Each structure stands twice: as structure tokens, then as C-alpha cells.
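Listed below are the residues making up each chain.
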Amino acid sequence: MASFSEIVEEARLSARALLDYGDNLFNPTLRLGVTGLSRAGKTVFITALVHGLTRGGRFPVFESLATGRIARAHLEPQPDDAVPRFAYENHLRTLIEARRWPNSTTDISELRLVIDYQRQNGADRTLTLDIVDYPGEWLLDLPLLAKSYEQWAAESLALSRQQPRAPLALQWHAQLATLDAHAHEDEQVTLAAAKLFTEYLRACRDERFAMSLLPPGRFLMPGNLAGSPALTFAPLDVPVEGPAPEGSLWAMMRRRYEAYKDVVVRPFFRDHFSRLDRQIVLVDALAAFNAGPEALHDLEAALAGILDCFRIGRATFFSALFRPRIDRILFAATKADHLHHSSHDRLEAILRRMLDRAATRAEVAGAAVDVVALAAVRATREATVARGRDKLPSILGTPVNGEVANGEIFDGETEVATFPGDLPVDLDAFFSSDGAFRGLTSASAEKADFRFLRFRPPLLASDDAEGPALPHIRLDRALQFLIGDRLQ
Ligand code: GDP
């Protein structure tokens with residue numbers, strides 16, 4: 001039977017759904033969610049997308065723009081009063097004028113774009129596109145709605161005992177071993193446990209390990225809730241069946257875990273996630289490749305978690321009325337400009353394989369799913385560099401100031417050629433390998449360790465009054481899948 005809080009939740013959702021429905025009748029609106037784990041490329045993606053649509057980018061595969069049916073696209077005031085506006089203008093200036101990458105997403109934000117276009121039958125129409133940017137860490141919290149504190153604690157502990165997490169969890173585990181779950185509740189003990197647990201999560205996120213599956217998401221992305229009790233709890237080593245004695249440390253942790261679901265997870269589901277029509281999930285697969293097989297396994301588990309999220313609401317929690325209405329989901333491997341174009345299809349194939357494996361558990365009923373490898377802003381060019389008799393396909397880019405490779409410190413001005421090497425064709429072989437994957441470095445290159453180099457955004461020149469267009473890789477394909485059908 002549905003609990004009281006679930007009934008209240010459903011009532012709120014239905015009111016919201018009716019409002020949205022009314023709006024949509026008079027003013028066709030599409031809500032596009034943009035998500036991905038921290039540093040996956042959300043901010044850069046949205047900035048490039050909005051710039052390309054408002055300015056008119058080179059988007060041959062985005063049919064409505066390429067054929068001239070889009071008359072104009074412009075920004076309008078952000079409509080949701082309680083959500084910050086995506087700082088598009090600042091981000092664009094940083095990217096183009098300062099040639100620096102903009103500040104990353106740390107909270108939800110939104111932007112409204114209005115597109116005037118001509119239908120294929122000649123009629124003039126308008127589509128309102130609301131772009132909602134939110135951390136993927138928050139999305140990965142949705143499965144918590146179906147888990148008790150004890151289940152979550154047991155899963156988190158089990159995960160923390162595996163490689164490469166175990167050594168990172170030593171301090172937290174040491175403190176955990178001193179705790180008695182049945183002892184009287186204690187604020188200071190809880191604070192210390194939450195701090196150590198958060199430090200462990202943060203260490204897992206470090207690029208050397210690049211772990212993806214790290215709920216609760218707000219521990220790393222607290223937004224405006226930092227320090228509140230709802231974010232101050234940690235797993236205890238307790239039996240899954242309970243019960244927690246009244247007044248105990250265990251009961252306190254459990255209460256706060258439930259508060260986290262009430263204060264953070266349910267409102268996110270209700271106010272944001274359940275209102276989305278389309279979703280793009282950005283994935284920094286190259287970072288996981290660089291970190292090794294464990295990071296890839298972890299990414300795969302996170303992808304399964306994300307796919308699960310799109311099923312939530314279709315099954316247990318909310319009735320048919322309030323199902324998430326997302327009908328297209330695009331998974332995009334970002335930063336493809338770190339690879340030679342001959343590897344772009346391969347990157348796509350790898351992501352597709354990982355999703356297929358993840359999808360054996362999760363069937364995303366009713367939604368079309370596609371995969372693309374893209375660079376929202378292309379920071380590199382391609383060239384062939386002669387090495388003795390060999391001609392190596394390479395990429396040229398300007399490493400950001402202070403980057404170090406092979407003992408060389410870059411000044412942010414000098415362009416270098418790097419040899420990105422090939423991605424594996426056979427993912428299984430990679431997973432079963434000894435982990436010594438040289439991935440993005442080429443066996444044939446002598447100075448090959450350029451794989452962690454971050455490049456500056458490209459230098460752009462243009463006489464155009466509207467300023468330069470941003471170069472990209474397959475951004476138009478992403479747009480065609482995400483909104484192309486609504487502009488026909
Ligand atoms: P977010 O945390 O998902 O908002 O990630 P950002 O959009 O801020 O991107 C994080 C970092 O990834 C940026 O600072 C860039 O260094 C890099 N990045 C993002 N998109 C691209 C891209 O298209 N090409 C390249 N070369 N780097 C990118």
C-alpha cells in the first residue's frame with residue numbers, strides 16, 4: 001500500500017503535470033535535461049549548443065538548421081523562479097575571449113531558448129526549448145528511493161571493500177570499527193563519520209581512479225545544503241533486517257538518511273526529473289579509459305544505475321499518471337577531440353557495448369536510446385606527423401598553462417602534436433587484460449604520455465559580425481536526435 005508521503009507526493013506531481021500540460025497546449029515546449037557526472041562536459045555542451053542555435057553553427061546533420069527552416073533562435077527569460085539561470089553569456093565569453101574553459105556545473109540551472117521555424121509543410125511555428133543542467137550525481141541518487149538505510153549501508157560497505165576503493169576507505173573503516181551502532185546517538189561521532197565517508201568518496205572521484213558510482217550525490221555536490229543534518233550521516237555495519245533501537249546511533253543515521261530522501265531526492269524527482277521530455281547523459285569515457293579497467297567497470301555500473309533511473313516511476317513508486325515522460329535518451333561520450341577521427345566510431349561502439357551490457361538489467365520501456373561520440377567544442381586539429389619513415393596520425397592542440405608531460409611544462413601558448421593512439425576494438429579483451437592498458441597512447445609514438453593533457457579552447461578568427469562559430473564534432477548529430485523530430 002502507498003504510504004501517506006507517497007500519496008502526498010503523487011498529488012503534488014499531478015498538479016505539476018496538469019500545469020505543464022496546459023502550458024504545452026498553447027506553447028509547445030520541450031524540456032531537455034543535460035546531465036553527466038562532474039566534469040563530463042555539461043557546461044561546455046550547453047554553451048556550445050546555445051551558441052550554435054542562436055548564432056547558426058555549422059550543423060550539416062541538424063536538418064532543420066542546415067536546410068534553412070530555422071528562422072531564428074533566441075533566449076528568453078528563464079521561467080522557473082526557484083532555479084538559477086544557466087550563466088550562458090559568461091561561459092561563452094570565457095570560452096571565446098579568454099580561451100579558458102568555463103566553471104563547471106555544481107548545481108541545477110536552466111535556460112529558455114525559443115526557436116522560430118518553418119514546418120516541412122511551410123507553416124510557421126515556434127518551439128520553446130527549456131534546457132535543464134543538473135549534476136549526474138543527483139540522478140544516481142534516485143535508486144536510493146527504493147532502498148532502506150540498512151540496504152544502502154550494506155551496499156556502500158561492500159563496494160568500499162573492493163579494489164581500488166579499499167585503500168581509499170582505510171581511515172573511514174578504522175573509525176567505523178570503533179563505532180557501536182546500538183550506542184546512544186552522538187552528533188560529534190556522526191559528524192566525524194560523515195566527514196571521513198565524504199573524504200573517501202572524494203578520493204574515489206579523483207582522476208587517478210575515476211570512480212563513477214558514489215551515492216549519495218550531494219555529499220560531493222552539496223549545493224546549498226552543505227552542513228545540514230540531512231547531509232550528515234554515514235553507513236554503519238548493521239544487519240539489513242534491523243530494527244534500529246530507539247535513541248541509538250543507528251536510529252540517528254537512519255533518520256538522517258530518510259531525511260536526505262525527503263529533502264533532496266524526492267523534490268529533485270518531482271520538480272525536475274519527472275518533468276523532462278528528453279535527456280542527454282554526457283559520459284567522460286576517456287577519463288575512465290585512462291584510469292583503467294576498474295574505472296570502466298564502475299562506469300558501467302553507473303550507466304546501469306542511470307538506466308535504472310529512467311525506469312523509476314514506471315514501476316514501483318508512483319502511479320501511471322506521474323511516470324517520467326522522457327521518450328528519447330542520448331548517451332554521449334564527450335571530448336572526442338582528444339582522439340583522431342578514425343577512433344570516433346570506435347568510441348561510440350565502446351559506449352554502446354557498455355550500455356548494452358548495462359541494459360541487460362534495465363529495460364528503458366518507451367524511450368528511444370542512442371549513442372554518440374562528440375566534442376561540443378573542438379580544441380584540436382588533425383595532422384600527420386612524420387616519424388622516421390612512419391606517418392603518424394596526430395592531433396594538434398595548445399595544452400593549458402601549467403600542464404606537464406614528459407618533464408615539459410607548457411605555457412598555454414605553444415601548440416604541440418600528440419599521438420592519441422587507438423582505442424581497443426574488442427572491449428572484452430580489454431576487460432580481461434592485466435589492466436596495463438596503454439589506451440590512448442600509441443605504441444608507435446616515442447613520447448607517448450600525453451594522455452592527461454588538457455587543451456585550451458581553440459583560437460578562433462572571424463570577420464563575421466556575429467563572431468566566430470565554435471568548431472565541434474558531431475554536436476549536430478546529437479541535436480538531430482534530441483530535438484530534430486520536433487522541428488519537422
Ligand atoms: P561539467 O562538470 O559536466 O559541467 O563539465 P564542464 O563542461 O565544465 O567540462 C569539464 C572540463 O572538461 C572542461 O573544463 C574542459 O577541460 C573539458 N571539456 C569539456 N568539454 C570539452 C570538449 O568538447 N573538448 C575538450 N577538449 N575538452 C572539453
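None of these values were measured; they are calculated from a predicted model.

J.: Looking at this structure, I do not really get the overall build of the protein. What am I missing?
T.: Along the protein, the regular secondary structure elements total 14 helices and twelve strands. A total of 488 residues make up the protein; the buried ones form 53% of that total. Long-range contacts, defined as pairs at least 24 residues apart, comprise 76% of the intrachain contacts of the protein with a sequence gap of at least 6.

J.: Is there a simple way to think about the sheet that holds strand E8 (residues 381-387) in this case?
T.: Strand pairs in the sheet, formed through backbone hydrogen bonds, run parallel or antiparallel to each other. If you walk across this open sheet you meet the three strands as E8-E9-E12, and the pairing is antiparallel. A single partner strand is all that each edge strand has here, and the edge strands are E8 and strand E12 (416-418). Pairs of neighbouring strands in the sheet enclose a mean axial angle of 45°, with direction left out of account. By the bridge criterion, seven bridges tie E8 to strand E9 (residues 390-397) in an arrangement that is antiparallel. Paired with Arg387 across the two strands is Asp390, which belongs to E9.

J.: For this particular structure, what's the right way to read unusual backbone geometry?
T.: A cis amide bond links Gln163 to the next residue, Pro164, at an omega of -5°. Mapped onto the elements, Pro164 comes out in the loop between helix H6 (149-160) and helix H7 (170-177). Following Pro215, the chain continues into Pro216 via a peptide bond in cis, with omega recorded as 5°. Relative to the helices and strands, Pro216 is located in the loop between helix H8 (187-205) and helix H9 (249-271).

J.: What am I meant to see in the environment of Pro393 here?
T.: Mapping Pro393 onto the fold places it in strand E9. Put simply, Pro393 and Glu382 are eleven residues apart on the chain and 7.4 Å apart in space, counted from C-alpha to C-alpha. Pro393 has contacts with His340, Ala383, Phe419 and Pro420, leaving out every residue within four places of it along the chain.

J.: Please clarify how the site of the ligand should be interpreted in this entry.
T.: As a structural note, the neighbourhood of the ligand is formed by 18 residues, with Arg39, Lys42, Thr43, Ser104 and Asp337 the closest of them. One of the backbone nitrogen or oxygen atoms of Ala40 is found 3.3 Å away from an oxygen atom of the ligand. A total of 570 Å² of accessible area belongs to the ligand in isolation, and the protein chains cover 97% of it. Along the lines of polarity and charge, the residues of the shell around the ligand split into eight nonpolar, six polar and four charged.

J.: Explain the pattern of salt bridges here, please?
T.: If the charged atoms of two oppositely charged side chains come close together, the side chains can form a pair. Applying the stated criterion across every chain, the model contains 31 salt bridges. For Arg31, the salt bridge goes to Asp80, with nearest N and O atoms at 3.4 Å. Here Arg31, found in strand E1 (residues 29-36), pairs with Asp80, found in the loop between strand E2 (70-76) and helix H4 (88-96); they are 49 residues apart in sequence, far enough to count as distant. As far as the burial class goes, Arg31 and Asp80 line up, both buried. A cluster of three or more residues bridged by salt bridges with shared partners is formed by Arg31, Asp80, Glu110, Arg112, Asp130 and Arg275.

J.: I tried to follow the pairing of strand E5 (residues 278-283) on my own but got confused; where do I start?
T.: Side-chain direction in a regular strand flips from residue to residue, so the side chains alternate between the two faces of the sheet. With respect to burial, E5 is a largely interior element, six of its six residues being buried. Of the strand pairs in this sheet, E1 and E5 are connected by five bridges, and their pairing is parallel. Looking at E5, one finds that Leu32 is bridged to Arg278. Note: E5 against strand E6 (residues 328-333), six bridges, orientation parallel. Following the sheet pairing, Arg278 is matched in E6 by Arg328.

J.: Would you take a moment to explain the environment of Phe219 for this structure?
T.: For Phe219, the location among the structural elements is in the loop between H8 and H9. For the pair Phe219 and Leu201, spaced 18 residues apart in sequence, the C-alpha to C-alpha distance is 8.1 Å. Look past the residues within four positions of Phe219 in its chain and what remains in contact with it is Phe197, Thr198, Leu201, Arg202, Leu231, Phe233 and Tyr260.

J.: Is there a simple way to think about the sheet that holds strand E3 (residues 109-118) in this case?
T.: Strand order in the open sheet made by the seven strands is E2-E3-E4-E1-E5-E6-E7, with mixed pairing throughout. Looking at the sheet topology across the chains shown, the edges are occupied by E2 and strand E7 (368-373). The sheet shows a mean angle of 20° between the axes of neighbouring strands, direction not considered. Along the sheet face, helix H2 (residues 42-55) touches E1, E2, E3, strand E4 (124-133) and E5 and points at about 165° away from the line of E4.

J.: Looking at this structure, how should I read the nonpolar core?
T.: Nonpolar side chains tend toward joint burial in soluble globular proteins. In this structure, Leu142, Tyr149, Leu236, Phe273, Leu303, Phe331 and Leu347 are the most contacted members of the largest nonpolar core, which totals 84 residues. Each of domain 1 (4-134 + 272-376 + 470-487) and domain 2 (144-258) gives at least three residues to this core. Residues contacting Leu303, with those up to four places away along its chain left out, are Val283, Phe331, Leu351, Met354, Leu355 and Ala358. With 43 residues, the next largest nonpolar core counts Phe59, Ala73, Leu129 and Phe481 among its residues.

J.: How should helix H12 (residues 344-359) be read in this particular structure?
T.: Three or four residues apart is the spacing at which side chains of an α-helix point the same way, because the helix has 3.6 residues per turn. With 16 residues, H12 extends 22 Å between its outermost C-alpha atoms, agreeing within 8% with the 22 Å of an ideal straight helix rising 1.5 Å per residue. Every buried residue of H12 is listed here: His344, Leu347, Glu348, Ile350, Leu351, Met354, Leu355 and Ala358. Angularly, the buried residues of H12 cover 160° about the axis, an arc narrow enough to put them on a single face.

J.: Before we go on, may I ask you to explain the confidence of the model for the protein in this structure?
T.: Detail in the predicted coordinates should be disregarded across regions flagged by low pLDDT. In this model, the protein carries an average pLDDT of 86, and 84% of its residues clear a pLDDT of 70 or more. By mean pLDDT, the top-scoring element of the protein is helix H14 (residues 475-483) (98), and the lowest-scoring one is helix H13 (residues 427-431) (61). Below a pLDDT of 50 lies the segment residues 315-322, which in the model reaches 15 contacts outside its immediate sequence neighbourhood of four places, other chains included. Here residues 433-450 is modelled with pLDDT under 50, and outside its nearest four sequence neighbours on either side it reaches 38 contacts, counting other chains as well.

Each value, and the rule that gives it
Residues numbered from 1 in each chain as written. Predicted model: local features only at pLDDT ≥ 70, side-chain atom pairs only at ≥ 80, totals over all residues. Heavy atoms only, no water. Helix = DSSP H or I, 4+ residues; strand = E, 2+ residues; numbered from the N terminus. Buried < 20%, exposed > 50% of the residue type's maximum accessible area, 1.4 Å probe, protein only. Contact = heavy atoms within 4.5 Å. Pairing = 2+ DSSP bridges. Axes fitted to C-alpha atoms, helices over the stretch in contact; angles between N-to-C directions. Near = heavy atom within 4 Å. Polar contact = N/O pair within 3.5 Å; in protein donor to acceptor, adjacent residues only side chain to side chain. Areas by Shrake-Rupley, 256 points an atom, 1.4 Å probe, with all protein chains shown as cover. Nonpolar A, V, L, I, M, F, W, Y, C, P; charged D, E, K, R; others polar. Salt bridge = Lys/Arg side-chain N within 4 Å of Asp/Glu carboxyl O. Core = buried A, V, L, I, M, F, W, Y, C linked by side-chain atoms within 4.5 Å. Domains from an automatic or database assignment. Expected span 1.5 Å × (residues − 1). Arc of directions from axis to C-beta. pLDDT = per-residue confidence, 0-100.

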